[in-house]
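Summary of structural features
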Amino acid sequence: MYRTTPEIYDALTHMDSNSASAVLGTARNIAHTLRTGATISPSFIVRNFLRDTMSATVNSKTGLIPIVDSIRGAWKLHFDKNFSAEYHASGASMSTYMRADADSSRNLTKELLGHKYDSYPVVVKQVRQLIGYAWNKYEKFGNLIEDSTRAGEFMRARKKGMSIDQSGQLARDITLDFSRHGKRGQEVNKYVPFFNATIQGTDKFIRTFKENPKRAIWATIKYIILPSLACWAFNHDDDWYKDLDPTTKYLNWCIHIPGTDTHFLIPKPQEVGVMFGSGIEAVLNQFLADNPKAMKQWAWELAGVMTPGLAVAMIRPAFEWQRNYSLWTNHNLVPKRLEKLPSEQQYTNSTSELAKLLGDTWIAKNISVGDRHGISPIAIDNFFSAWFGSMGRTLAKTLDKPIESLRGKDRPTEPAKYWYESPVIGSFVRNDDSQRSAYVDRLYDLSDQMETDYKRSDSYAVQKGKKGAKVPTELAQVRTAMKTVSKLNKEIRDIQDNPKMSAEEKRTQIDTRKVKMRGIAKKAVLKLGD
């Protein structure tokens, strides 16, 4: 059960039937928009392909080879007309062959002939036609990538002499079959995006290991556990790996790029990858590395991918803003180091310029619900993501340069961004020093816990209100570390607001202070424990 504010509660409980219908309609539309925005973004298409091809190796009954057979399947689906006809006729695709073909042809013809825009001026009509044509091509490309792994399984099944129907059945079941759903699950899915996908993913994971445990276990060892062990062996002694936040660490294979200060993120399969690949890493981190909370962190991430969320898309970002907690990442929405700043100053290097612009408006700075005052740029970006998916964030980020140009000299120059912080690329490449620091997060948690424990102690009760009262040595050391971190955060804000420094100089100075901050946090956490 979620807690909320009296204002939101009253709004939800004092609606008549007409108001309720309007709200439910809006909720359905937002959920649909989120599903569309999430699944059409280039970064999702790539992530989904990588997850599908790796999970398919465990689900496959024909011995599918990851990536290789997916690419071969996409190639044949695009260039081999007979193979494409058989594949679609088998029902292996998310839509039947006739429906996909009729819808695509009808939509494309309508755009090319311009019937939809007959009332528009000629120039506007031609622009709309061009956009429609380009969108149709992009959508076809996305569908091709999504079907590639299914097509690879279909190809291997046909080579083994199976019929079109048999091959189609194997292809449908190689990844999630989105046509499978229960009556109530289908209804919930209208308001909670990806509810059914999570249910079906967990169900498929269980069925795979029940049907043929020997094959599933061997494929999991070969394609999931061994790569995870290799990544851990290469990374576990490196500071950048230890400093990864749990979500990034356990949902991806993290590979350092030799000779650089960056690393690749390769998404793991949702269920089997996090269960077994990340599970092995968490055990090793718990007992052989310096992370006593590794197993707990992994268990939390596993629960997130194996169980469906119940937050309605329409109200989720408002709830997350009000509680300052992301249900997606399981972290504070606004990092603790920024919480005490005015709302308009609560942003990071990854925050879009559009969110900063909107966060600096009078409405954003003065809106208030419960004990939450002002909507920060971080929270605004979260609204983009929660309502429009990763495509919403991508589009917001593409406006960074135009907004900076229009803003001119009204505000200080923003710190420079690295090439890998651009849309799409930033989903797969990260800088070792610019990532969210797990050590800093652990220091804040350690400080909160020690302050709470001290205030509950008999010593605090006796010395409360006395000048020069002694505090435990360890708490004093944590307070010293926190003061230093606060000082560095203030220096970073001063650098951001400096009108005389160049963008490149700002970025260098900020990164230097972030490295110092992580070093201080690491030393305190490892010495005092958490």
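Read on for a plain summary of the structure. (Residues numbered from 1 in each chain as written. Predicted model: local features only at pLDDT ≥ 70, side-chain atom pairs only at ≥ 80, totals over all residues. Heavy atoms only, no water.)

**Considering the sheet that holds strand S5 (residues 429–431)**
Taken together, 3 strands build an open sheet; the order of strands is S1-S2-S5 and the sheet is antiparallel. Edge positions in the open sheet fall to strand S1 (252–256) and S5, since each of these has one partner strand only. Neighbour-to-neighbour, the strand axes of this sheet turn through a mean angle of 30 degrees, independent of strand direction. Summarising the sheet, S1 and strand S2 (residues 262–267) pair through 5 bridges and their orientation is antiparallel. Paired with Trp 253 across the two strands is Ile 266, which belongs to S2. (Pairing = 2+ DSSP bridges. Helix = DSSP H or I, 4+ residues; strand = E, 2+ residues; numbered from the N terminus. Axes fitted to C-alpha atoms, helices over the stretch in contact; angles between N-to-C directions.)

**Digging into the pairing of S2**
Taken together, S1 and the strand that follows it, S2, pair antiparallel across an intervening segment of 5 residues, in which Gly 259 is found at a positive phi of about 80 degrees. Here S2 runs beside S5; their pairing, made up of 3 bridges, is antiparallel. Within S5, the residue paired with Thr 262 across the bridge is Asn 431.

**Quick notes on the pattern of salt bridges**
Summed over the entire model, instances satisfying the criterion amount to 24 salt bridges. Between Glu 211 and Lys 61 there is a salt bridge whose closest N-O contact spans 3.6 Å. You can see Glu 211 sitting in helix H10 (residues 195–211) and its partner Lys 61 sitting in the loop between helix H3 (42–59) and helix H4 (68–79), a full 150 residues away along the chain. Through salt bridges with shared partners, a single ionic network connects Asp 173, Asp 203, Lys 204 and Arg 207. (Salt bridge = Lys/Arg side-chain N within 4 Å of Asp/Glu carboxyl O.)

**A few points about the packing of helix H11 (residues 213–235) against helix H14 (residues 272–288)**
Packed helix pairs are characterised by how far apart their axes lie and by the angle those axes make with each other. Between H11 and H14, the shortest axis-to-axis distance is 9 Å and the interhelical angle comes to 35 degrees. The two elements H11 and H14 cross, and the hand of that crossing is right-handed. Of the residues in H14, those in contact with Thr 220, Ile 224, Ile 225, Ser 228, Leu 229 and Trp 232 of H11 are Val 272, Gly 273, Phe 276, Gly 277, Ile 280, Glu 281, Leu 284, Asn 285 and Leu 288. Classifying every residue of the contact of H11 with H14 gives 9 nonpolar, 5 polar and 1 charged. (Left-handed = near helix turned anticlockwise from the far one by under 90°. Contact = heavy atoms within 4.5 Å. Nonpolar A, V, L, I, M, F, W, Y, C, P; charged D, E, K, R; others polar.)

**A few points about the side chain of Lys 249**
Along the chain, Lys 249 turns up in helix H13 (residues 246–251). For the buried Lys 249, no salt bridge exists, and the shortest N-O distance to an oppositely charged side chain is 7.5 Å, to Glu 281. Among the polar contacts listed, one links the side chain of Lys 249 to the backbone oxygen of Tyr 241, at a separation of 3.4 Å. (Buried < 20%, exposed > 50% of the residue type's maximum accessible area, 1.4 Å probe, protein only. Lys, Arg positive; Asp, Glu negative; His and termini not counted. Polar contact = N/O pair within 3.5 Å; in protein donor to acceptor, adjacent residues only side chain to side chain.)

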